[in-house]
Amino acid sequence: MKLSSVDYYLDWPVAIKLKNLREFIIAKLEKKGDLIRWSIVDIQNSIDSFGTKKLKIKAVFAN
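In what follows, the accompanying structure is described.

Here we look at the environment of Asp42
Mapped onto the fold, Asp42 is located in strand β2 (residues 34–45). The partly exposed category is assigned to Asp42, whose relative accessible area is 32%. Residue contacts for Asp42: discarding those within four places in its chain leaves Lys54, Leu55 and Lys56. A polar contact is formed between the side chain of Asp42 and the side chain of Gln44, at a distance of 3.1 Å.

What follows is the structure, encoded as structure tokens:
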């Protein structure tokens, strides 16, 4: 088994409440491969007027 660590950038829409954020992130990351672990490294406000935030996520996948 080979492990790979990647930085993944994800938009956090206003419609996703904080209590649903974990499920939202996992659903997006599982599309990329077999997810081992993940963590939010950084959160930044987006420059658009929709109020979305940018998440920087460090994830480890098994290939």
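We are not done yet, so read on.
Structural notes on the environment of Ser39
In this structure, Ser39 sits in strand β2. If near-sequence neighbours (up to four positions away) are discounted, Ser39 is found in contact with Lys56, Ile57 and Lys58.

Focus: a nonpolar patch on the surface
Together, Met1, Leu3 and Ile36 give the surface a local cluster of nonpolar side chains, amounting to about 400 Å² of exposed area. Counting through the fold element by element, Ile36 comes out in strand β2.

Concerning the side chain of Thr52
As for its position among the elements, Thr52 is in the loop between β2 and β3 (53–62). On the accessibility criterion, Thr52 (15% relative accessible area) is buried. With residues up to four places along the chain from it excluded, the contact list for Thr52 reads Trp12, Pro13, Val14, Asn45 and Ser46.

Some points on the sheet that holds β2
Reading across from one edge, β1-β3-β2 is the order of the three strands in this open sheet, with antiparallel pairing throughout. Two strands in the sheet have a free side with no partner beyond their single neighbour: β1 (3–12) and β2. Neighbouring strand axes in the sheet, compared pairwise and without regard to direction, differ in orientation by 20 degrees on average. Where β2 and β3 come together, 10 bridges link them in antiparallel fashion. Residue pairing for β3: Trp38 is matched across the bridge by Ala59. Contacting β1, β2 and β3, helix α1 (residues 21–30) crosses the sheet at an angle of about 120 degrees to β2.

What counts as what
- Residue positions are given per chain, counting from 1 as you read along its sequence in written order.
- Note on the predicted model: pLDDT of at least 70 is required for a residue's local features to be given, and 80 or more for side-chain atom pairs to be given and counted; whole-chain, interface and lining totals, by contrast, use all residues.
- By convention in this description, side-chain values take in all heavy atoms of the structure and omit both hydrogens and water.
- Think of it this way: any DSSP run of H or I at least four residues long counts as a helix, any run of E at least two long counts as a strand, and we number them from the N terminus.
- Exposure categories follow from relative accessible area, calculated using a 1.4 Å probe and restricted to protein chains: below 20% of the type maximum is buried, above 50% is exposed, and the middle band is partly exposed.
- Working rule for contacts: check all heavy atoms of both residues, and any pair within 4.5 Å makes them a contact.
- Under this definition, polar contacts are N or O atom pairs within 3.5 Å; protein pairs additionally need one hydrogen-donor-capable and one acceptor-capable atom, and for neighbouring residues in sequence, both atoms have to be side-chain atoms.
- Any residue with relative accessible area above 30% and no salt bridge may belong to a patch, with like charges joined within 9 Å and the nonpolar Val, Leu, Ile, Met, Phe, Trp and Tyr side chains within 5 Å.
- Each accessible area is a Shrake-Rupley result for a 1.4 Å probe, and residues are judged covered by the shown protein chains and nothing else.
- Think of a salt bridge as a Lys or Arg side-chain nitrogen and an Asp or Glu carboxyl oxygen that are within 4 Å of each other.
- Two strands pair if DSSP finds at least two bridges between them.
- Helix axes are fitted only over the stretch in contact, all axes being lines through C-alpha atoms; the angle between N-to-C directions runs from 0 to 180 degrees.

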